[in-house]
Number of protein chains: 2
Amino acid sequence: MEHRIDRIKKQLHSQSYKLTPQREATVRVLLEREEDHLSAEEVYLLVKEKAPEIGLATVYRTLELLSELKIVDKINFGDGVSRYDLRKEGAAHFHHHLVCMECGSVEEIVEDLLDDVEKIVQDDWGFQVKDHRLTFHGVCRQCQKEVAQTS
Amino acid sequence: MEHRIDRIKKQLHSQSYKLTPQREATVRVLLEREEDHLSAEEVYLLVKEKAPEIGLATVYRTLELLSELKIVDKINFGDGVSRYDLRKEGAAHFHHHLVCMECGSVEEIVEDLLDDVEKIVQDDWGFQVKDHRLTFHGVCRQCQKEVAQTS
DNA sequence: TTTATAAATTATAATGATTGTAATTGACAC
DNA sequence: GTGTCAATTACAATCATTATAATTTATAAA
């Protein structure tokens, strides 16, 4: 974990930003809850446990900054809030998401399944791809089981 | 155009909804501006030209309704607003989008490029896919040219 | 044609996420 | 130590969207 904090610190410094205590606390929350997809509000509440004096606006600004530096991905699943996800070490792209329409759970797919598709877009449309976002909506394994039982 | 209005009317009726004048005016705006990705506010302003007495809330409700019936797709490109897109006749899925990071333009890909990927998700993750959203971020053909010239 | 009923709409207020602002703090260079 | 600039705080403001209550419209029964 310290290693990753260090890396992020360097990334900030390379753009002449500092890793302030507030920013560090925010990053630590994101690292601890890496599996989740936290909203700004949720991050704020968790950071408050470490650093009670932090303001909500600071959390927003920090997440925005981390997002610009591609340290986190800002994603939106269609509920009213933006969610923030640490980008995997070395990943060039957003990872993909499986959103369950029954229970709302979100699974992640880290592998990049879109190399072929990306090539098609590049060649056929002349569009130079920098990044992509792919979300599947459907029914997760667990909910499929439950539906099968009750019917 | 009248044909498509008719079809939508039938789709509404099949769920016992009516095609009220306000709803019809809204659908007509969407048909006329099919290439665009209008926000609720933009739809509202355009509908007002046809039916000045319409309220913003009605536009929201109508778009929500059309969205539930899968007549339009509600999409979100990360700016603060939801955008609404008529679904192509007979299309089972969202179409994909190419969002240019330089000029903000949005191109559409109607073909479904994800059949293979969908199969992988289904087989390897046991996730039953109902729909998907795919957006590429990058540089469009036009902007690539301009960058090439100025450099 | 009246009357009853439910759906749809309007105008307006409320909500909730996010952003802006002015004042304050803190770190670092001179 | 003093000045400077970035970062933060507390709070106000904004903007998209949703809820509410009153009114209108459409439809069907009497």
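Up top you'll find the structure we're talking about.
Draft legend 1. Seen up close, the protein's contact with DNA strand D. The environment of DNA strand D is formed by 17 residues, the closest being Thr20, Thr58 and Arg61 of chain A together with Tyr60 and Ser82 of chain B. Near the protein, within 4 Å, the atoms of DNA strand D are sugar or phosphate in 81% of cases. At 3.0 Å, a side-chain N or O of glutamine 22 of chain A approaches a sugar or linking oxygen of DNA strand D. In the model, a phosphate oxygen of DNA strand D is placed 3.1 Å from a nitrogen or oxygen of the glutamate 53 of chain A main chain. Elements represented by at least two residues in the surface near DNA strand D include exactly helix 2 (21-32) and helix 4 (56-68) of chain A together with helix 4 (56-68) of chain B. Its residues assigned to classes, the surface near DNA strand D shows 7 nonpolar, 6 polar and 4 charged.

Draft legend 2. Expanded view of the pattern of salt bridges. Per the stated rule, a full pass over the model turns up 25 salt bridges over all chains. Among the salt bridges present, the one from arginine 33 of chain A reaches aspartate 36 of chain A, with a minimum N-O distance of 2.7 Å.

Draft legend 3. Structural context of the protein's contact with DNA strand C. Close to DNA strand C lie 18 residues, the nearest being Tyr60 of chain A together with Thr20, Gln22, Thr58 and Arg61 of chain B. The sugar-phosphate backbone supplies 74% of the atoms of DNA strand C found within 4 Å of the protein. Here a phosphate oxygen of DNA strand C and a backbone polar atom of glutamate 53 of chain B are 3.1 Å apart. Here a phosphate oxygen of DNA strand C and a side-chain polar atom of threonine 58 of chain B are 2.6 Å apart. For the surface near DNA strand C, the element with the highest residue contribution is helix 4 of chain A, accounting for 4 residues. Classifying every residue of the surface near DNA strand C gives 7 nonpolar, 6 polar and 5 charged.

Draft legend 4. Molecular detail of helix 1 (residues 2-14) of chain A. Taking 1.5 Å of rise per residue, 13 residues should cover 18 Å, and helix 1 of chain A covers 18 Å from first to last C-alpha, within 8% of that figure. In the core, the buried residues of helix 1 of chain A are packed alongside helix 2 and helix 4 of chain A.

Draft legend 5. Structural detail: the sheet that holds strand 4 (residues 96-100) of chain B. The 6 strands lie next to each other as 5(A)-4(A)-6(A)-6(B)-4(B)-5(B), forming an open sheet whose pairing is mixed. Each of the sheet's edge strands pairs with one partner strand only, and the pair in question is strand 5 (106-109) of chain A together with strand 5 (106-109) of chain B. The sheet shows a mean angle of 20° between the axes of neighbouring strands, direction not considered. Pairing of strand 6 (residues 128-139) of chain A with strand 6 (residues 128-139) of chain B, which is carried by 11 bridges, proceeds in the antiparallel orientation. The residue bridging phenylalanine 136 of chain A from the neighbouring strand is histidine 132 of chain B, located in strand 6 of chain B. The sheet strands contacting helix 5 (residues 115-125) of chain A are strand 6 of chain A together with strand 4, strand 5 and strand 6 of chain B, and the helix crosses strand 6 of chain A at an angle near 130°.

Draft legend 6. A look at the sheet that holds strand 3 (residues 82-86) of chain B. Residue and element names in this part refer to chain B. Strand order across the open sheet formed by 3 strands is 1-3-2, with antiparallel pairing between neighbours. The outermost strands of the open sheet, each flanked by one partner alone, are strand 1 (38-39) and strand 2 (72-76). Pairing of strand 2 with strand 3, which is carried by 5 bridges, proceeds in the antiparallel orientation. Pairing of asparagine 76 across the sheet is with serine 82, part of strand 3. The strands that helix 4 touches are strand 2 and strand 3; relative to strand 2, the one it contacts most, it runs at about 110°.

Draft legend 7. Main features of the nonpolar core. Ranked by internal contacts, the top residues of the largest apolar core, which has 30 residues, are Val121, Phe127 and Phe136 of chain A together with Val121, Phe127 and Phe136 of chain B. If you list the elements that add at least two residues to this core, you get strand 4 (96-100), helix 5 and strand 6 of chain A together with strand 4, helix 5 (115-125) and strand 6 of chain B. Counting residues in hydrophobic clusters, the runner-up holds 26 residues, among them Ala25, Leu38, Leu66 and Tyr84 of chain B.

Draft legend 8. View of the interface of chain A and chain B. On the side of chain B, 34 residues touch chain A, which itself brings 34 residues to the contact. Both faces considered, chain A and chain B share a buried interface measuring about 3000 Å² in area, 66% of it formed by carbon and sulfur atoms. For chain A, the biggest contributors to the area lost against chain B are Trp125, Phe127 and Phe136 of chain A; these three give 24% of the whole. The interface formed by chain A and chain B includes 0 salt bridges.

Draft legend 9. Summary view of the packing of helix 3 (residues 40-50) of chain B against helix 4 of chain B. Residues and elements named next belong to chain B. The contact between helix 3 and helix 4 brings their axes to 9 Å, and the two run at 115°. The way helix 3 lies across helix 4 gives a crossing that is right-handed. Touching Ala40, Glu41, Val43 and Tyr44 of helix 3 are Leu56, Val59, Tyr60 and Leu63, all from helix 4. The residue makeup of the contact of helix 3 with helix 4, split by class, is 7 nonpolar, no polar and 1 charged.

Draft legend 10. Quick peek at the pairing of strand 4 of chain B. All names here are of chain B. Most of strand 4 sits out of view: 5 of its 5 residues are buried. In strand 4, alternate side chains face the same way, and those of His96, Leu98 and Cys100 on one face and His97 and Val99 on the other are all buried. In the sheet, strand 4 pairs with strand 5 via 4 bridges, with the strands oriented antiparallel. Bridge pairing links histidine 96 to isoleucine 109 in strand 5. Count of turn residues in the strand 4/strand 5 antiparallel hairpin: 5 residues, of which glycine 104 carries a positive phi of about 80°. Here 4 bridges tie strand 4 to strand 6, and the two strands are oriented parallel to one another. Following the sheet pairing, leucine 98 is matched in strand 6 by phenylalanine 136.

Conventions we followed
- Residues numbered from 1 in each chain as written.
- Chains lettered and ligands numbered in written order.
- Predicted model: local features only at pLDDT ≥ 70, side-chain atom pairs only at ≥ 80, totals over all residues.
- Heavy atoms only, no water.
- Near = heavy atom within 4 Å.
- Polar contact = N/O pair within 3.5 Å; in protein donor to acceptor, adjacent residues only side chain to side chain.
- Helix = DSSP H or I, 4+ residues; strand = E, 2+ residues; numbered from the N terminus.
- Nonpolar A, V, L, I, M, F, W, Y, C, P; charged D, E, K, R; others polar.
- Salt bridge = Lys/Arg side-chain N within 4 Å of Asp/Glu carboxyl O.
- Expected span 1.5 Å × (residues − 1).
- Contact = heavy atoms within 4.5 Å.
- Pairing = 2+ DSSP bridges.
- Axes fitted to C-alpha atoms, helices over the stretch in contact; angles between N-to-C directions.
- Core = buried A, V, L, I, M, F, W, Y, C linked by side-chain atoms within 4.5 Å.
- Buried < 20%, exposed > 50% of the residue type's maximum accessible area, 1.4 Å probe, protein only.
- Buried area = accessible area lost by both parts, 1.4 Å probe.
- Left-handed = near helix turned anticlockwise from the far one by under 90°.

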